[in-house]
Amino acid sequence: MDRMFRVMAFWTGIFSLMFYLGHMDKTALLFLGQTGFFLLLGYLRLSERMYIYVFGAYLTVFFAGFTYWSTFMMTPGSGGH
């Protein structure tokens, strides 16, 4: 299970690099923080049950943040213009 968190750290690192190269600095920093978080968890040698709990908490925070952002922060009908 610890290897999967290292794999997620690798992919969030790739995303962070691509966002940075695309001049999306805030998003790149967000993904760089996630990379550090996943890399730290990948080397903690926790039990499999604890890894599942941590991942569940991560998903809960992500979905709550995404729902808040898409409901209250996004402008309806802007279409990205």
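Residues numbered from 1 in each chain as written. Predicted model: local features only at pLDDT ≥ 70, side-chain atom pairs only at ≥ 80, totals over all residues. Heavy atoms only, no water.

(A) Layout of the layout of surface pockets. When its volume is computed, the largest pocket comes out at roughly 410 Å³. Along the walls of the largest pocket sit T27, L30, F31, Q34, A57, Y58, V61, F62, G65, F66 and W69, which together make up its complete lining. For the lining of the largest pocket, the elements supplying multiple residues, two or more each, are α2 (25–42) and α3 (48–73). The element best represented in the lining of the largest pocket is α3, accounting for seven residues. Its residues assigned to classes, the lining of the largest pocket comprises eight nonpolar, three polar and no charged. (1 Å grid on protein atoms, 1.4 Å probe; cavity = no way out; pocket = protein on both sides within 12 Å on 5 of 7 lines; lining within 4 Å. Points joined across faces, edges and corners; volume = space filled by probe spheres on them. Helix = DSSP H or I, 4+ residues; strand = E, 2+ residues; numbered from the N terminus. Nonpolar A, V, L, I, M, F, W, Y, C, P; charged D, E, K, R; others polar.)

(B) How the structure looks around unusual backbone geometry. Residues other than glycine seldom take positive phi values, yet H23 does so here, at roughly 60°. We classify H23 as exposed; its relative accessible area is 70%. Despite not being glycine, R45 has its phi angle at roughly 55°, a positive value. Considering the arrangement of structural elements, one finds R45 in the loop between α2 and α3. On the basis of relative accessible area, R45 is assigned to the exposed category, the value being 64%. (Buried < 20%, exposed > 50% of the residue type's maximum accessible area, 1.4 Å probe, protein only.)

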